[in-house]
Amino acid sequence: MQPDLRPVRATGLTPPPPVGWQAIRQRLLSWTLTVLSVLPCLLLLPARFPGMELLGIAPNWLLVWVVAWSIKRSMWEGAVAGVALGLLQDGMSAGVPTHAISLGIVGILTARLQREQVVQDDIISVLLIVFGMTVVGETVRAIQFSLYGWRLPDGTPFWSFEEIWRYYQQVALGSAVLNSLWSPVIYYPLNLLWERRFK
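Remember, predicted model here, so these are calculated numbers, not experimental data.

Some words on the packing of helix α3 (residues 75-92) against helix α4 (residues 99-115)
Step number 1: Packing of α3 against α4 brings their axes to within 7 Å, and their N-to-C directions diverge by 155 degrees. Accordingly, the angle class assigned to the pair α3 and α4 is roughly antiparallel. Handedness of the α3/α4 crossing: right-handed. In this structure, α3 uses Met75, Gly78, Ala79, Gly82, Val83, Leu85, Gly86, Leu87, Gln89 and Asp90 to contact α4, whose residues at the interface are His99, Ala100, Leu103, Gly104, Gly107, Ile108, Ala111, Arg112 and Arg115.
Step number 2: Split into classes, the residues belonging to the contact of α3 with α4 amount to 9 nonpolar, 7 polar and 3 charged.

Here's the deal with the UniProt feature "transmembrane region" (unreviewed entry) in the protein chain
Step number 1: Mapped onto the present numbering, the UniProt feature "transmembrane region" (unreviewed entry) falls on residues 28-47, 54-71, 91-111, 123-147 and 167-190.
Step number 2: This span, residues 54-71, is 56% helix and 0% strand, and a straight line between its end C-alpha atoms measures 26 Å.

Things to note about the layout of surface pockets
Step number 1: The computed volume of the largest pocket comes to approximately 720 Å³.
Step number 2: Together, 27 residues line the largest pocket, and Gln89, His99, Glu138, Arg141 and Val171 are the ones closest to its centre.
Step number 3: Counting only elements with at least two residues in the lining of the largest pocket, the list comes to α3, α5 (123-151) and α6 (161-197).
Step number 4: Take the lining of the largest pocket: its biggest share by element is 6 residues, from α6.

Some points on the packing of aromatic side chains
Step number 1: According to the stated counting rule, one finds 4 aromatic pairs in the structure shown.
Step number 2: When the ring of Tyr187 is compared with that of Tyr188, the centres are 4.9 Å apart and the planes differ by 75 degrees; the resulting orientation is edge-to-face.
Step number 3: Judged by its relative accessible area of 2%, Tyr187 falls in the buried class.
Step number 4: One aromatic cluster is present, built from ring pairs that chain together Trp31, Trp65 and Trp69.
Step number 5: Stacked on the ring of Trp69, the Lys or Arg Arg73 has its end atom at 3.8 Å from the ring centre.

A word on the side chain of His99
Step number 1: With respect to the element layout, His99 can be found in helix α4.
Step number 2: For His99, a relative accessible area of 7% gives the class buried.
Step number 3: A distance of 3.1 Å separates a polar atom in the side chain of His99 from a polar atom in the side chain of Arg141.
Step number 4: If near-sequence neighbours (up to four positions away) are discounted, His99 is found in contact with Gly86, Gln89, Asp90, Ser93, Ala94 and Arg141.

Thoughts on empty space enclosed by the protein
One simple way to see leftover space: roll a probe sized like a water molecule over the atoms.
Step number 1: With the rule as written, the count across this model stands at 1 cavity of 30 Å³ or more.
Step number 2: Of the pockets and cavities examined, the largest cavity occupies roughly 40 Å³.
Step number 3: Along its surface, the largest cavity is lined by Asn60, Leu63, Ser102, Leu103, Thr134, Gly137, Glu138 and Arg141.
Step number 4: Secondary-structure elements contributing two or more residues to the lining of the largest cavity are α4 and α5.
Step number 5: Take the lining of the largest cavity: its biggest share by element is 4 residues, from α5.
Step number 6: Class assignment of the residues belonging to the lining of the largest cavity gives a composition of 2 nonpolar, 4 polar and 2 charged.

Conventions we followed
Residues numbered from 1 in each chain as written. Predicted model: local features only at pLDDT ≥ 70, side-chain atom pairs only at ≥ 80, totals over all residues. Heavy atoms only, no water. Axes fitted to C-alpha atoms, helices over the stretch in contact; angles between N-to-C directions. Helix = DSSP H or I, 4+ residues; strand = E, 2+ residues; numbered from the N terminus. Parallel < 35°, antiparallel > 145°, perpendicular 65-115°, else oblique. Left-handed = near helix turned anticlockwise from the far one by under 90°. Contact = heavy atoms within 4.5 Å. Nonpolar A, V, L, I, M, F, W, Y, C, P; charged D, E, K, R; others polar. UniProt positions renumbered as here; feature names shortened; annotations may be inferred. 1 Å grid on protein atoms, 1.4 Å probe; cavity = no way out; pocket = protein on both sides within 12 Å on 5 of 7 lines; lining within 4 Å. Points joined across faces, edges and corners; volume = space filled by probe spheres on them. Phe/Tyr/Trp six-rings, centres within 6.5 Å; stacked < 30°, edge-to-face > 60°. Buried < 20%, exposed > 50% of the residue type's maximum accessible area, 1.4 Å probe, protein only. Lys NZ or Arg CZ within 6 Å of the ring centre and 35° of its normal. Polar contact = N/O pair within 3.5 Å; in protein donor to acceptor, adjacent residues only side chain to side chain.

If you want it as structure tokens, here you go:
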């Protein structure tokens, strides 16, 4: 029996999902758009536009991307995205401390929130999640700095433990506020793209 290939009339029914080459092409296009959506975030990282800085701190666009990706995905997908983008960020900046660990943890925790039904798809939830995950990410990086400082031999010029944590407080708060305020710029276009493409 041949399948009914007549076009769907405006009856409220949705067309059947694509099959064969059409499905593969649609999946490939979706993944290409997802990978390409990282590019503007990478290009904005070193940019310092007027009004985008607070106390010399700029938004961490990759952290916002990882949160946007992980909100509706599994912990494994969040971790992989976080580690991959963290390695890309390490390639653009100093490799010590690594961004891969902090962004991987952010991806896992964000996906875990979704799994526990804590996340809603409204602006307040997204802002609070980005704020909290920024504090988590900056805490992990401050711990890495502290461990790196303890590994150095005595007399090596490096920040003291107190200096690291005093600076961390300023960076964590400033970065969390900025990331939260700029998160809708990244979250809503990506969320719209992913809802349409990954059905």
